Amino acid sequence: MERTATVERNTKETKISVTLNLDGTGKSDLHTKIGFFDHMLDGFARHGLFDLAVDCDGDTWVDCHHSIEDTGIVLGTAIRQAAWDKKGIRRYGSCLLPMDEALVLCAVDLSGRPYLVFDGGFTNQSVGGMDTQMAKEFFYAVSYSAAMNLHIKVLYGENDHHIMEAMFKAFAKALDQATQYDERIQDVLSTKGSL
């Protein structure tokens, strides 16, 4: 059975629909009106082997903030719903991902407890029309809506495009690992008996 979720969120600032299949093949259909953000989400889907459809009608005439943050909220909710009861999954995932001169570490725990540690910065204010400050806001929204621990650390890098792309791809690989089934895990991987 494929683990999928479709989540919608409508506010005065954004109207967003996300469909996520954790057991996909890396296909994406993305329409956020922010080209670089679509590029990042495409990398997330492709490298996590998730099928992802995002339709966002946001107030981009203000700036990109509401569209990116709210997409994070909806994507995080879809991750939580698609992972369902988390029985039999590895729960933890990590990835050390190189992107040319940049190297980014990402670790995920689908613990049911939201927390973000974001250790990285950018040189420029924006990349391809996406404010670089929005990387942290996006991952914060995802981590809290998905109720996951999410740690992202930039070990080094110079090019903001490469650093941002490495973040999204590392997150994808770590999440893919965390959501994979392990036949040795019969229930949930927790001493508490629930996540």
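Further up the page is the structure itself.
Residues numbered from 1 in each chain as written. Predicted model: local features only at pLDDT ≥ 70, side-chain atom pairs only at ≥ 80, totals over all residues. Heavy atoms only, no water.

Caption draft 1: Molecular detail of unusual backbone geometry. One non-glycine residue, Trp-84, adopts positive backbone phi at about 55 degrees. Turning to its location among the elements, Trp-84 is positioned in the loop between α2 (65-83) and β5 (92-99). Trp-84 gets classed as exposed once you look at its relative accessible area, which sits at 65%. The phi angle at Asp-100 is positive, at roughly 55 degrees, despite the residue not being glycine. Locating Asp-100 in the fold gives a position in the loop between β5 and β6 (102-109). Under the relative-accessibility criterion, Asp-100 is labelled exposed at 61%. (Helix = DSSP H or I, 4+ residues; strand = E, 2+ residues; numbered from the N terminus. Buried < 20%, exposed > 50% of the residue type's maximum accessible area, 1.4 Å probe, protein only.)

Caption draft 2: The packing of aromatic side chains, seen in detail. Overall, the coordinates contain eight aromatic pairs when judged by the stated rule. Between Phe-44 and Phe-171 the ring centres are 5.5 Å apart and the planes differ by 15 degrees, which places this aromatic pair in the stacked class. Pair noted here: Phe-44 is in helix α1 (residues 35-48) and Phe-171 is in helix α4 (residues 160-179), with a separation of 127 residues, a long-range link. Accessibility expressed as a relative area gives 1% for Phe-44, which makes it buried. Summarising the aromatic geometry, the rings of Phe-139 and Phe-168 are spaced 4.9 Å apart at their centres and angled 50 degrees between planes, so their arrangement reads as tilted. Pair noted here: Phe-139 is in helix α3 (residues 134-146) and Phe-168 is in helix α4, with a separation of 29 residues, a long-range link. Across the pair, exposure class does not vary: Phe-139 and Phe-168 are buried alike. One aromatic cluster is present, formed by Phe-37, Phe-44, Phe-50, Phe-138, Phe-139, Phe-168 and Phe-171 through successive ring pairs. (Phe/Tyr/Trp six-rings, centres within 6.5 Å; stacked < 30°, edge-to-face > 60°.)

Caption draft 3: Representation of the nonpolar core within the structure. Among the nonpolar cores identified, the biggest contains 60 residues, and Leu-52, Val-108, Phe-139 and Phe-171 are the most heavily contacted of them. With 11 residues, the single largest contributor to this core is α4. Dropping the residues within four chain positions of it, Leu-52 is found in contact with Val-18, Thr-19, Leu-20, Lys-27, Ser-28, Asp-29, Leu-30, Leu-41, Phe-44, Ala-45 and Leu-75. (Core = buried A, V, L, I, M, F, W, Y, C linked by side-chain atoms within 4.5 Å. Contact = heavy atoms within 4.5 Å.)

Caption draft 4: Spotlight on the sheet that holds strand β7 (residues 115-119). With respect to topology, four strands assemble into an open sheet ordered β5-β6-β10-β7, the strand pairing being mixed. Every other strand in the sheet has two partners, leaving β5 and β7 as the edge strands with one partner each. Direction aside, neighbouring strands of the sheet carry axes that sit 10 degrees apart on average. As judged from the eight bridges shared by β5 and β6, these two strands associate in the antiparallel manner. Along β6, the bridge assignment pairs Met-99 with Ala-102. Strands β7 and β10 (149-156) of the sheet are contacted by α3, whose axis makes an angle of about 160 degrees with β7. Sheet strands touched by α4: β5, β6, β7 and β10. Its angle to β5, the strand with the most contacts, is close to 150 degrees. (Pairing = 2+ DSSP bridges. Axes fitted to C-alpha atoms, helices over the stretch in contact; angles between N-to-C directions.)

Caption draft 5: Broad picture of the sheet that holds strand β2 (residues 14-21). Strand order in the open sheet made by the four strands is β1-β2-β4-β3, with mixed pairing throughout. Here the strands that pair on one side only, and so sit at the sheet edges, are β1 (4-10) and β3 (28-31). Strand-to-strand twist across the sheet, computed as the mean angle between neighbouring axes with direction ignored, equals 5 degrees. Where β2 and strand β4 (residues 51-58) come together, eight bridges link them in antiparallel fashion. Bridge pairing in β4 links Val-18 to Val-54. Against the sheet, α1 makes contact with β3 and β4, and its axis sits at roughly 160 degrees relative to β3, the strand it touches most. Relative to β2, α2 is tilted by about 35 degrees, and along the sheet it contacts β1, β2 and β4.

Caption draft 6: The arrangement of the pattern of salt bridges in detail. Tallied over the entire structure, the rule returns eight salt bridges. Lys-153 serves as the salt-bridge partner of Asp-119, at 2.6 Å between the closest nitrogen and oxygen. Here Asp-119, found in strand β7, pairs with Lys-153, found in strand β10; they are 34 residues apart in sequence, far enough to count as distant. A relative accessible area of 39% means that Asp-119 is categorised as partly exposed. (Salt bridge = Lys/Arg side-chain N within 4 Å of Asp/Glu carboxyl O.)

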